[in-house]
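What the coordinates show
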Amino acid sequence: MKLCVVGTGYVGLVSGTCFAEGGNDVACVDIDERKIADLRNGKIPIYEPGLEELIRRNVGDGRLRFTTDLAAAVKDSLVCFIAVGTPQDEDGSADLSMVLKATADIAKLMPGYRIIVLKSTVPVGTADKVREAMASQTTHPFDVVSNPEFLKEGAAVEDFMKPDRVVLGSNSEHALSLMKELYSPFVRTENPILVMDNRSAEMTKYAANAFLATRISFINQVANLCEKAGADVSDVRRGIGFDRRIGHYFLFPGVGYGGSCFPKDVRAVIRTAEEYDMDFSLLKEVEVINEKQKELLVNKVFARFGKDLRGRKFAIWGLAFKPRTDDMREAPSIVIIEALLKAGAEIAVHDPEALARAREVFGDRVSYHRGNYDALPGADALLIVTEWNEFRRPDFARVRELMKSPIIFDGRNLYEPSVMKQEGFMYYPVGRSTVTQ
Ligand code: NAD
């Protein structure tokens, strides 16, 4: 099948590449000329495990190409996926301008029937708005399918290739049957394709992200209570996770959720509820808890060193909002580092993949280190912000030698307090007892 993906970001690039891998002829379109030029030169703009190899193979086999020429892509493609950004607007709602612009442009350019597939995360009712916007630009027939994307950055290729489920929202049997055919290579192990109306599909995506964010804020508050009450959240987490009604996923306490999806999607649901005169108070609290949680490590640092950090140096391991990505959008590391800089501290940062993105955020206000140990010399303390696997088993003797004082604030509970005691560290985990030596 010939298809185009409009918007070649995390979702568009991964989806387009995986559809090409599924045997389709795919044009990935973007308005960012530099991004397209880079992709044509084999330079991949994002870090995502396994993606580079797939892109290379499918470009080499002639199934995948990158272009800024929307007209040519739309002319050739029966199915047009929309994967442009839906960032947060000033009032917290999702900004649909890029979605509406892209779909209106397609409507102007399409030479006949087309299927428009909304892969971007969009609020309930957007498919109707898209239909209206398109109908004002074309007399050709079209169908609009809502097909929210559930991939996780850091495991995006694997998630796309083996989705837990595929959600399709549409009232067109014809469009749905083509979409089912398109997804058939990815659901060979009987993972379901769920068909529903557009509004339910749109709502499903937001409900999923809002629920996952709620689990994170819930366990973060449980962790904070454990810390005060002398309980260990790691045991509590296991204790509840084995209950099959609860499960183990998304129950790891930390420094708050970030990224390009959870924060904006939680706010968008709150806003959508307001539009329907409903107060989604639970999600408002989820967000408040999350904002406070981002300050957790900084407050522990202040409690240990005081609020004036001039003359102090801190090493940071982990900048991306989660491991195995270079994405720093709404990353807790930004809140933490800005607060430490404001208090006068010197900051040395390391991340396996996000250093280039970090430079865009911090400029020359921090020092950047390719090796995790290189960030440590002279540090008064180490803060662990992202749980990269590389950080799980460091050479503690080397860490201790390099640092000025052996103090670790661990926002991801990577180490066992008993081990840290043996290794001679003062250790501040989340929701577990502090090791003071
Ligand atoms: P992104 O910002 O990485 O990519 C969006 C791309 O769209 C950019 O390259 C931009 O230049 C391009 N673009 C904007 N307007 C365009 C136009 N008119 N024509 C062509 N290209 C255009 O965004 P993303 O992270 O890939 O997210 C895209 C959507 O998918 C959002 O709605 C997001 O909420 C949703 N989503 C994201 C993830 C994720 O993990 N990142 C997961 C699931 C869903």
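The structure presented is a predicted model; accordingly, all values stated were derived computationally and were not measured. (Residues numbered from 1 in each chain as written. Predicted model: local features only at pLDDT ≥ 70, side-chain atom pairs only at ≥ 80, totals over all residues. Heavy atoms only, no water.)

Notes on the domain arrangement of the chain
If you check the domain split of the chain, you get domain 1 (2-194), domain 2 (205-292) and domain 3 (294-428). Computed from C-alpha coordinates alone, the two centres of domain 1 and domain 3 are separated by 37 Å. Tallying the contact residues gives 10 residues for domain 1 and 11 residues for domain 3. Interface area for domain 1 against domain 3, summed over the two sides, is near 740 Å², with a carbon-plus-sulfur share of 39%. The tally of links from domain 1 across to domain 3 stands at one salt bridge. A salt bridge links Arg329 to Glu153, with the nearest nitrogen and oxygen atoms 3.7 Å apart. (Domains from an automatic or database assignment. Contact = heavy atoms within 4.5 Å. Buried area = accessible area lost by both parts, 1.4 Å probe. Salt bridge = Lys/Arg side-chain N within 4 Å of Asp/Glu carboxyl O.)

What about the site of the ligand?
Around the ligand lies a shell of 25 residues, among which Asp30, Lys35, Thr86, Glu153 and Lys264 are the nearest. Taking Thr86, its side chain carries an N or O atom lying 2.5 Å from an oxygen atom of the ligand. In the model, an oxygen atom of the ligand is placed 2.9 Å from a nitrogen or oxygen of the Thr121 main chain. Out of a free accessible area of 830 Å², the ligand has 89% covered by protein chains. Tallied by class, residues from the shell around the ligand come to nine nonpolar, eight polar and eight charged. (Near = heavy atom within 4 Å. Polar contact = N/O pair within 3.5 Å; in protein donor to acceptor, adjacent residues only side chain to side chain. Areas by Shrake-Rupley, 256 points an atom, 1.4 Å probe, with all protein chains shown as cover. Nonpolar A, V, L, I, M, F, W, Y, C, P; charged D, E, K, R; others polar.)

Comments concerning the pattern of salt bridges
As enumerated under the stated definition, the model contains 34 salt bridges in all. Arg57 is the partner of Glu53 in a salt bridge, and the nearest nitrogen-oxygen pair spans 3.9 Å. You can see Glu53 and its partner Arg57 sitting in helix α3 (residues 51-60), four residues apart, about one turn around the helix. Overall, Arg57 belongs to the partly exposed group, its relative accessible area being 36%. The partner of Arg412 in a salt bridge is Glu387, and the shortest N-O contact between them spans 3.4 Å. (Helix = DSSP H or I, 4+ residues; strand = E, 2+ residues; numbered from the N terminus. Buried < 20%, exposed > 50% of the residue type's maximum accessible area, 1.4 Å probe, protein only.)

Describing the sheet that holds strand β10 (residues 346-350)
Taken in spatial order, the six strands make up an open sheet running β11-β10-β9-β12-β13-β14, and their pairing is parallel. Since the sheet does not close on itself, it has two edges, and those belong to β11 (367-369) and β14 (426-428), each with one partner. Averaged over all adjacent pairs, the angle separating strand axes in this sheet is 20°, with direction ignored. Of the pairings in the sheet, the one linking strand β9 (residues 313-317) to strand β12 (residues 381-384) comprises four bridges and is parallel in character. By the bridge assignment, Ile316 is partnered in β12 with Leu383. Sitting on the sheet, helix α13 (residues 296-305) touches β9, β12, β13 (407-410) and β14, and the angle it makes with β13 is about 155°. (Pairing = 2+ DSSP bridges. Axes fitted to C-alpha atoms, helices over the stretch in contact; angles between N-to-C directions.)

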